[in-house]
Amino acid sequence: MCGIAGFWQDPASRIDRCAVIRDMADAIQNRGPDDHGYWSDGESGIVLGHRRLSIIDLSVHGHQPMTSSSGRYVIVFNGEIYNFPELRRELEALRTPFRGHSDTEVMLAAMEHWGLTEAVRRFAGMFAFAVYDRETRHLHLVRDRLGEKPLYYGWGGQTLLFGSELKALGRHPDWRGEIDRGALALFLRHGYVPAPYSIYKGIRKVPPASIVSFPTGRPGTPPTTVPYWSPRDIATAGTTNPANETDEDLTDELDRLLRRTIRREMVADVPLGAFLSGGIDSSLIVALMQAESSRPVQTFTIGFRENVYNEAHHAKAVAEHLGTDHTELYVTPEEALKVIPRLPAIYDEPFADSSQIPTALVSELARRRVTVSLSGDGGDELFGGYDRYFANRRLWNKLSSVPRPLRRAMARGIRVATSRDGNGLVKRLQRMAPGRLRDPMTRHRIQWLGDILALDTFEGLYHNSVSHWTHPGEVTIGGVEPDTSFTDPSRWAAVEGLVPRMMYLDMVSYLPDDIMVKVDRASMAVSLESRAPFLDHDVVEFAWRVPQSMRVRGDRGKWILRNLLDRYVPRSLIERPKRGFSVPIDEWLRGPLKDWAAALLDENVLRDDGFFEPAPILQRWSEHQSGACNWKNMLWNVLMFQAWRHEQ
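Rules used throughout
Residues numbered from 1 in each chain as written. Predicted model: local features only at pLDDT ≥ 70, side-chain atom pairs only at ≥ 80, totals over all residues. Heavy atoms only, no water. Helix = DSSP H or I, 4+ residues; strand = E, 2+ residues; numbered from the N terminus. Buried < 20%, exposed > 50% of the residue type's maximum accessible area, 1.4 Å probe, protein only. Contact = heavy atoms within 4.5 Å. 1 Å grid on protein atoms, 1.4 Å probe; cavity = no way out; pocket = protein on both sides within 12 Å on 5 of 7 lines; lining within 4 Å. Points joined across faces, edges and corners; volume = space filled by probe spheres on them. Nonpolar A, V, L, I, M, F, W, Y, C, P; charged D, E, K, R; others polar. Salt bridge = Lys/Arg side-chain N within 4 Å of Asp/Glu carboxyl O. Pairing = 2+ DSSP bridges.

## Looking at the environment of Thr67
Note on placement: Thr67 falls in strand β4 (residues 66-67). Owing to a relative accessible area of 28%, Thr67 belongs among the partly exposed residues under this scheme. Remark: the alpha-carbon pair of Thr67 and Glu292, spanning 225 residues in sequence, is separated by 35 Å. When neighbours within four sequence positions are excluded, Thr67 is seen to be in contact with Tyr73, Val74, Arg99 and Leu108.

Rendered as structure tokens:
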């Protein structure tokens, strides 16, 4: 795991390329504290920088930037290619010589023999890399299939900038850094900025499973973006022609596939362990790791004193059953709160999934003993694990039983009722409501009902349900949301069933842009490499081939994972309501975080900053403080942006 940075500008520029690239790479030193390297091509103006976290081949033969044997390709690479031993054997059979034992050298040899696109299709792993082809004079930026590793790019005047994190781009003299208000509106809705957008104008994320190519010599020329793998095609093909095998045969196949994947991902020349929450996904990964290991696997869990948020005792029971070398750390609220001032620097871009806090804590805990840690990320999206899937299915079934013209008429009536002119009607409805509904949230509940009645598609309903601010344009000043995978029907997969449709949307949005961002930034902040076996592309393709009845039965997901886990861990240690990896942000905003939050949400501060309309934010702040409503997600979004911006 590493950090990469680079730029391309007119070769005639008098800039000190060496000093600039060093500064850019040093900005992400946490991603690679073990080594650094730089390469500059005076003829083309391409400059590459690398910070290395040594995992495979700790010798000088793993040093980057690395040049292919013929000199054609020069690469800076962040990630791991788990099938590089198999690729190396195949290339050796073609009489390819190798100097060292790194996956980077294998990648370059693969490009020499098969070309860039075909080589990338053969890579199994997580990766983001920049490679310069000196023969065609093209710079290529490449990202893995599920978006595990980040890669940003964009123009600063006539200079192309790229790197693993925005802070690296920000060190170049041509950096501009103007906030994109449309991306800010997306952030308020989702709690993250979805690819290909970033929080800055003109700066983009390389989309997952894509190669973005720039011809050098023509500054400002728009790049070509070519996908080399299609999650849409995978989901459509899998659900159209599901596997015709028995439950036990498919469970056996998943067992073999995951064990092969985990064997690959346990290869490292440094200490390795795993995150263990005690839930289905992480317990299965750890169980298979232990089955593949001759010594106890090191496992790590964070616990909280508040029982409603604590799952450490469940993880401990699983660890004891499997015989792992288990470490747990119980965190006080004070210790958890100390992470919050560091979040803007860790996440580099506004990010508001509050489980970022325990993720940062467990990463710090694991890094004390290991350099690589495996996780169960991806199990929910691939095998139907979120409770919201079933809640939204029930809601849509009820809504779709009401004729669409009637739904629209009801929605129009509610909009009138909740407008300023309709306040009298709202008050009458409040007087008629049961006592428990006579609170400030009644108006918002009525508005929410009007919103969902107006929706024409199930995807629209799901978009609404996963939104923090459902009308971010009313909060952001000048913020118009661009299209995303939720709002552009041309990006939807043609899959049958409401739950698979939600799973697909999560796989191409929430998974890469929230879950993977959360884990990557938290782990790399402490120079820890995190690996996710469920996101091996063979596992993903298998998951979509599994009949829906083996993923979801009734209102319970992950049936096949449960069936497999039964072979390794007693069900009594696993079966319990799903909690997620959460902290009591709602309570903290009324308690120890109140003064910090109030300062960031001060009306004059909001007005002077000029990004938000203060009134709707302050209304929710007041309602949250009174205890009448729980607006933690909305408020945390605004707070994370404010904290991030004030750090810039």
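## Some remarks on the layout of surface pockets
Reported here for the second largest pocket is a volume of approximately 580 Å³. Every residue lining the second largest pocket is counted, 26 residues in all, and those nearest its centre are Pro207, Pro208, Pro231, Arg491 and Val508. Listed by contribution, the elements that provide at least two residues to the lining of the second largest pocket are β12 (224-227), α7 (231-240), α20 (498-508) and α21 (510-524). For the lining of the second largest pocket, the element with the most residues is α20, which contributes 3 residues. Its residues placed into classes, the lining of the second largest pocket shows 15 nonpolar, 7 polar and 4 charged.

## Topic: the pattern of salt bridges
Applying the stated criterion to the full structure yields 47 salt bridges. In this structure, the salt-bridge partner of Asp26 is Arg51, at a minimum N-O distance of 3.0 Å. With Asp26 in helix α1 (residues 17-26) and Arg51 in strand β3 (residues 46-52), this pair connects stretches of sequence that are 25 residues apart. Residue class for Asp26 comes out partly exposed when judged on its relative accessible area of 37%. Assessed through its relative accessible area of 4%, Arg51 is described here as buried. Its salt-bridge partner being Arg388, residue Asp506 comes within 2.9 Å of it at the nearest N-O pair. Of this pair, Asp506 sits in helix α20 while Arg388 sits in helix α15 (residues 387-399), and the two are 118 residues apart along the sequence.

## Re the pairing of strand β2 (residues 35-41)
Direction of pairing for β2 relative to β3: antiparallel, over a ladder of 7 bridges. Bridging across to β3, Asp41 finds its partner in Ile46. Between β2 and the antiparallel strand that follows it, β3, lie 4 residues; Gly45 among them carries a positive phi value of about 90°.

On their own, these measurements won't tell you what the molecule is for.
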